[in-house]
Amino acid sequence: MATSQPVDEEELPNFSLGLEFLNPKKGANEKDASGQVTPNRFATLSESEMQAILEEKHAARTKQLTNWSINTFKAWCKEKKIQTPIEQMTIGQLDVNFRRFYAEARNKAGEPYSKSTLLGFRHSFERYLNRPPFNQGLNLSSDPRFKRSNEMLNAQIVHLKRQGKENVKHKPAIEDEDLKKLKTSQAIALTSPLTLLQNVWFHVVLFFCRRGREGQRELKRSSFKFEADASGRKFVTMAHDEATKNHPGGLSDVSSHEKLARMYETPDENDGYKAMKIYLEKLNPKCDAFFQYPKKHWKYDDEVWYDARPIGVNKLDGMMKDISRAAELSKAYTNHSVRATAITLWSNAGVQNRHIMAISGHRSEQSLAHYNTRPSTSQLQQCSDVLSRSLNAENSFFSGNQINDRTQIQEHSVMTTGTSSSFLGSLFNNCTVQQAHVHVTLGSDFSRGR
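Residues numbered from 1 in each chain as written. Predicted model: local features only at pLDDT ≥ 70, side-chain atom pairs only at ≥ 80, totals over all residues. Heavy atoms only, no water.

## Observations regarding the overall build of the protein
Regarding its fold elements, the protein presents 15 helices and 7 strands. Relative to its full complement of 450 residues, the protein shows a buried share of 30%. In the form shown here, the protein has an accessible surface area of approximately 28,700 Å², with 52% of it arising from carbon and sulfur atoms. (Helix = DSSP H or I, 4+ residues; strand = E, 2+ residues; numbered from the N terminus. Buried < 20%, exposed > 50% of the residue type's maximum accessible area, 1.4 Å probe, protein only. Areas by Shrake-Rupley, 256 points an atom, 1.4 Å probe, with all protein chains shown as cover.)

Structural data, given as structure tokens:
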């Protein structure tokens, strides 16, 4: 049986398909027939430049958290007089020291760290030890060699839970009353640079379901585009896809549809679509950033309302708190509260999880659970009122607002004797009703759990 022989690239024929550059016999910097020097096709990178590419795959915030975690661990090692650097510890030493660290780690106030911070330590240790030049290829959460440290981490989290110190704080969605108040507030009016900026920022974060300050500083004036659907209704959408926390790119990433979110035009005079139109017209053309600082001195008729400098990440991180104060909302909401609001409203409206995930970027339905299972203030009031009414003997069954979407009784039977009942009207004028059961079905929505 004949065996195929490897073909030397030098022997590959030139099929003259316009791919002559594939012929390695021609040097990259050789002169062509006209005497011109051809440019290099391939880049030449140093080891440090390739390392920089590897470092860039992590978001800046992730790198900051990793460095903070390692510095915290090193500070603990110094206090405990542990001489061996983390980079030189054996697997056994790492397991022993991580075990002690999870149990003894405290913040500067002497308080134990929260569950999310403790888990963050483990993720950071893994990232640090797996990156060049260490390249240890560790999986701290599943490697049996780290069983003892993981047992301590789990026990510490359970201990925090029992003491009421777990400190996992999910950002609350904006309450309905605050949303109504914000919508009519001058804090998002279209009549000044600051309030127009706040309007656009709020609607972009809400409709495109953005996290905290993620990627906001990187948005450009060209990041959005205006289109119309098949019915002619106008909307604004993202012009390109972005790298996000859940979809950073890479070989293991899955396709994302986050850029498909749309913000349609509505009859409201200060809706997000109209605000976006005005905002883009008023931006400073000398700055490519989407979020720009409002001018301190301006006139309504000025063509440009913004300075030629981008708003920094720290300022963007506090935008919703500033808006909350300006609109005098019931509390100072965070940026992530806006994202939580979008997901909660979609979920309460019956939008399917897979459609929510397509916009929010969540990779599993489980990650949506803490949004669509958390009751709102009105729902909590409703639960309390149901119990309070049942304890009030003087309150009749049909009094006040007792029957509503959530507390309706599916079926109630009434016994009546005699001639026709007045509420049935002329329908039974010629009938005599005796010993009849009248079944009144109330609130068909109740049976569907709505």
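Back to the text.
## Focus on the packing of helix H7 (residues 193-207) against helix H10 (residues 319-326)
Each pair of packed helices can be summarised by the angle the axes make with each other and by the distance between the axes. Between H7 and H10, the least distance of the axes is 11 Å, while the angle of their chain directions is 125°. Comparing their axes, H10 and H7 come out oblique. Relative to H10, the crossing made by H7 is left-handed. Along its contact with H7, which presents Leu197, Gln198, Trp201 and Phe202, the element H10 presents Met319, Met320 and Ile323. In terms of residue class, the contact of H7 with H10 is built from 6 nonpolar, 1 polar and no charged. (Axes fitted to C-alpha atoms, helices over the stretch in contact; angles between N-to-C directions. Parallel < 35°, antiparallel > 145°, perpendicular 65-115°, else oblique. Left-handed = near helix turned anticlockwise from the far one by under 90°. Contact = heavy atoms within 4.5 Å. Nonpolar A, V, L, I, M, F, W, Y, C, P; charged D, E, K, R; others polar.)

## With respect to the packing of aromatic side chains
Counted according to the given criterion, the structure contains 25 aromatic pairs. Taking 5.3 Å as the distance between ring centres and 65° as the angle between the ring planes, the aromatic pair formed by Tyr279 and Phe290 counts as edge-to-face. Taken as a pair, Tyr279 in helix H8 (residues 272-282) and Phe290 in the loop between H8 and strand E4 (292-294) lie far apart in primary sequence, 11 residues in all. Phe290 carries the same exposure label as Tyr279, and that label is buried. Connected via pairs of aromatic rings, a cluster forms that spans Trp68, Phe73, Trp76, Phe98, Phe101, Tyr102, Tyr113, Phe121, Phe125 and Phe146. Across the ring face of Phe226, the terminal group of Lys277 is positioned such that the distance to the ring centre comes to 4.5 Å. The lysine or arginine in question, Arg309, covers the ring of Tyr293, its NZ or CZ lying 3.9 Å from the ring centre. (Phe/Tyr/Trp six-rings, centres within 6.5 Å; stacked < 30°, edge-to-face > 60°. Lys NZ or Arg CZ within 6 Å of the ring centre and 35° of its normal.)

## So, the environment of His336
Inspection of the secondary structure puts His336 in helix H11 (residues 335-348). Counting along the chain gives 125 residues from His336 to Arg211, while the straight-line C-alpha distance between them is 5.7 Å.

## Notes on the side chain of Asp95
Here Asp95 is to be found in helix H3 (residues 91-104). When residues no more than four places from it in sequence are discounted, the contact partners of Asp95 are Arg145, Phe146, Lys147, Arg148 and Ser149.

## Here we look at the confidence of the model for the protein
Residues shown with low pLDDT carry predicted positions that ought not to be read at fine detail. For the protein, per-residue confidence averages 79 on the pLDDT scale, and residues scoring 70 or more make up 70% of the total. Long-range and interchain partners of residues 242-257, a stretch whose pLDDT sits below 50, account for 28 contacts in this model, where long-range means more than four residues apart. With pLDDT under 50 throughout, residues 402-431 is counted as low confidence; its partners more than four residues away or in other chains account for 58 contacts. (pLDDT = per-residue confidence, 0-100.)

## A few points about the packing of H11 against helix H12 (residues 353-360)
Viewed as axis vectors pointing N to C, H11 and H12 meet at an angle of 160°, and their least axial separation amounts to 10 Å. Between H11 and H12, the angle is such that the two are roughly antiparallel. The element H11 and its partner H12 pack so that their crossing is right-handed. In this structure, H11 uses Arg339, Ile343, Trp346 and Ser347 to contact H12, whose residues at the interface are Ile356, Ile359 and Ser360. Here the residues of the contact of H11 with H12 sort into 4 nonpolar, 2 polar and 1 charged.

## Focus on the nonpolar core
Counting 44 residues, the largest nonpolar core has Trp201, Phe202, Phe224, Tyr279, Phe290, Phe291 and Met320 as the members making the most contacts within it. For this core, the secondary structure elements donating two or more residues are H7, strand E2 (234-238), H8, H10, H11 and H12. For this core, the leading source of residues is H7, giving 8 residues. Within the second largest apolar cluster, 24 residues are counted, among which are Phe73, Tyr102, Leu118 and Leu160. (Core = buried A, V, L, I, M, F, W, Y, C linked by side-chain atoms within 4.5 Å.)

## A closer look at a nonpolar patch on the surface
A grouping of Leu45, Met50 and Ile53 is seen on the molecular surface, where their side chains present a nonpolar patch of about 280 Å² in accessible area. Its place among the elements puts Leu45 in the segment before helix H1 (47-56). (Patch = residues over 30% accessible without salt bridge, like charges linked within 9 Å, V, L, I, M, F, W, Y side chains within 5 Å. Salt bridge = Lys/Arg side-chain N within 4 Å of Asp/Glu carboxyl O.)

## Let's talk about the pattern of salt bridges
Enumeration over the complete set of coordinates arrives at 11 salt bridges. A salt bridge links Glu104 to Arg100, with the shortest nitrogen-to-oxygen separation between them at 3.6 Å. In this pair, Glu104 and Arg100 are both assigned in helix H3, 4 residues apart and thus about one turn of the helix distant. Residue class for Arg100 comes out partly exposed when judged on its relative accessible area of 34%. Here Asp271 ties to Lys274 by a salt bridge, and the two come within 3.3 Å at their closest N and O atoms.

## Some remarks on the sheet that holds E2
If you trace the 3 strands from one edge of the open sheet to the other, you get E1-E2-E3, paired in antiparallel fashion. Every other strand in the sheet has two partners, leaving strand E1 (224-228) and strand E3 (262-264) as the edge strands with one partner each. When the angles between neighbouring strand axes are averaged without regard to direction, this sheet yields 30°. Pairing geometry for E2 and E3, over 3 bridges, is antiparallel. Residue Thr237 lies in a different strand from E3, and its bridge partner there is Arg262. Here H8 sits on the sheet and contacts E1, E2 and E3; the angle it forms with E1, its principal contact strand, is near 130°. (Pairing = 2+ DSSP bridges.)

## Quick word on the environment of Glu303
Mapped onto the fold, Glu303 is located in the loop between E4 and strand E5 (306-310). Looking at Glu303, the relative accessible area reads 69%, which means it is exposed.

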